[in-house]
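# Architecture at a glance
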Amino acid sequence: MNTIKKNDNELICDLICLYHEQNKVPTARDVDKSEICCSSETYRKRFGSFKDSLIKANLYHLRCDKHNFNRSQYTREEITESVRRYIKKHNKPPTISQLKESSELPSPATIDRNFGSLNKLLVELGINPPHVKKSNLSNKELLDKLIKLNSKLGRQPTYKDVEKHLGISRSLYYIRFGGIYKALNQVGLLRVKRGKFHTNSDLIAEWYTLKENLGRIPTLKDIENCGWNFYSSIVSRWDSYTNFLKILDEDQNYNKFGCKTYISNEGIKCFSYGEYIITNWLENKGILFKKDYPYKNVMPHDNSRRTFDWMIKSNDNLFYIELFGITNVNAYDMKAKDKIEDCKMNKINLIPLYPKDLKRPLNEVFYFL
């Protein structure tokens, strides 16, 4: 299987082939599961959106759920008014499923973006969310439970802590106090500013403090491990960590484990210098290969997004190559171990490579080709 980049016409042809294969207009999820098409993200980047890809393929008009593409950008006032109308008409608040299905209501994502959640919107409308159980606990009792939990954990409780240790819905704290962090602030326990309490300047200052402590640009993994919703706050404001780094004029060319990314001679993205060296070597030798080949194509029951670094075809034989280039990082080491064990169980011809292998001539490393 070759890694030559597909042009626009080939991408559209793949989309049409998938339509005929499954006898329905493909969704983005269908495309991601398909062995015919590139990822839905490729279509979005190439054509502007997945909807535009379907229009280009003359398939969009065949979709029965076109209203999902045509929802306008709601204001907060328009959102609340549309939900009020729904409640008045049906005598009950909408569910998440109804938000997804109805063209008269904003999508769940739109509500989350403007209000945080459907429950928070309902509270603002003076309606108790249907699934939140009524509680006989007074406000003082709820606050006392937070104080005791704070003492038990030795740190500031989070939403998840409240639900796990107290068995109380986070929505109840939102209804009574406006949220967990406002309740903590009320009893003097809010020691760390959380996402929505941060201004953009706060988040940027927090990032530079982390950078100074690490002595380098924080990776995505560093951000995720901060112990609070630093990562989700950045994504909600700037759409992605990469965009955030661009705003700061910092080098964003790193993956989540801190390895710099490179582009091979034929335009293939490589997530470390080792991958870059090997990919260029394979290209120069004219060896047929597929970069980042999905495990699910080899293990039909694998539902993960794991990929082999390379799938190589040589003399009618298939070889699956993994370069385990990071050591002493627990999360990475565990993933590497799981990959090796899964390949053994499924009798897959996995060839693991390590940094020491790159010190030898690659002709020797790939002697089996």
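Please read these numbers as outputs of a predicted model, since none were measured by experiment. (Residues numbered from 1 in each chain as written. Predicted model: local features only at pLDDT ≥ 70, side-chain atom pairs only at ≥ 80, totals over all residues. Heavy atoms only, no water.)

Let's shift gears to the overall build of the protein chain. Within the protein chain, the regular secondary structure consists of 19 helices and six strands. For the protein chain, the residues scored as buried account for 39% of the 369 residues in total. (Helix = DSSP H or I, 4+ residues; strand = E, 2+ residues; numbered from the N terminus. Buried < 20%, exposed > 50% of the residue type's maximum accessible area, 1.4 Å probe, protein only.)

With that settled, the discussion passes to the pairing of strand 5 (residues 317-323). Within strand 5, five of the seven residues are buried, leaving the element largely enclosed by the surrounding structure. Taken together, the five bridges between strand 4 (residues 307-314) and strand 5 define a ladder with antiparallel strand orientation. Looking at strand 5, one finds that Ser314 is bridged to Asn317. The loop that links strand 4 with its antiparallel partner strand 5 comprises two residues; one of these, Asn315, has a positive phi angle of about 55°. (Pairing = 2+ DSSP bridges.)

Among the secondary structure elements, Leu203 is positioned in helix 13 (residues 200-214). Exposure remark for Leu203: the relative accessible area of 0% places this residue in the buried category. On a C-alpha basis, the gap between Leu203 and Tyr231 in space is 9.9 Å, while along the polypeptide they are 28 residues apart.

Another aspect to go through is the pairing of strand 4. Burial runs high along strand 4: six of the eight residues are buried. Two elements, strand 3 (residues 288-294) and strand 4, share six bridges in a ladder whose sense is antiparallel. Paired with Lys290 across the strands is Met311, a residue of strand 4.

Let us now look at unusual backbone geometry. If you check the backbone angles, Asn23 has positive phi at about 60° while not being a glycine. Among the secondary structure elements, Asn23 is positioned in the loop between helix 1 (8-22) and helix 2 (28-33). Residue classification places Asn23 among the exposed positions, given a relative accessible area of 68%.

With that settled, consider the confidence of the model for the protein chain. When pLDDT is low, close inspection of the predicted coordinates is not appropriate. Model confidence for the protein chain is summarised by a mean pLDDT of 78, while 84% of its residues fall at 70 or above. Least confident of the elements in the protein chain is helix 14 (residues 220-224), whose mean pLDDT is 71; most confident is strand 3, at 91. Of the regions scoring below 50 in pLDDT, residues 66-71 engages in 21 contacts with residues more than four places distant in sequence or in other chains. (pLDDT = per-residue confidence, 0-100. Contact = heavy atoms within 4.5 Å.)

Counting 17 residues, the largest nonpolar core has Ile278, Leu282, Trp310, Ile312, Ile321, Leu353 and Phe366 as the members making the most contacts within it. Of all elements in the fold, only helix 17 (273-285), strand 4, strand 5, strand 6 (350-353) and helix 19 (362-365) reach the threshold of two or more residues within this core. Sequence-distant contacts of Ile321, defined by excluding residues within four places in its chain, comprise Phe308, Asp309, Trp310, Ile312, Leu350, Ile351, Leu353, Phe366 and Phe368. (Core = buried A, V, L, I, M, F, W, Y, C linked by side-chain atoms within 4.5 Å.)

On to the environment of Asn139, then. Structurally, Asn139 can be placed in helix 9 (residues 139-153). Taking relative accessible area as the criterion, Asn139 reaches 36% and is therefore assigned partly exposed. The sequence separation of Asn139 and Tyr173 amounts to 34 residues, and the corresponding C-alpha distance is 9.0 Å.

Attention shifts here to the packing of helix 13 against helix 15 (residues 230-238). Packing of helix 13 against helix 15 brings their axes to within 11 Å, and their N-to-C directions diverge by 130°. The angle between helix 13 and helix 15 places the two elements in the oblique class. You can see that helix 13 and helix 15 cross each other, and the crossing is left-handed. On helix 15, the residues that touch Asn200, Leu203, Ile204, Glu206, Trp207 and Leu210 of helix 13 are Phe230, Ser233, Arg237 and Trp238. Grouping the amino acids of the contact of helix 13 with helix 15 by side-chain chemistry returns six nonpolar, two polar and two charged. (Axes fitted to C-alpha atoms, helices over the stretch in contact; angles between N-to-C directions. Parallel < 35°, antiparallel > 145°, perpendicular 65-115°, else oblique. Left-handed = near helix turned anticlockwise from the far one by under 90°. Nonpolar A, V, L, I, M, F, W, Y, C, P; charged D, E, K, R; others polar.)

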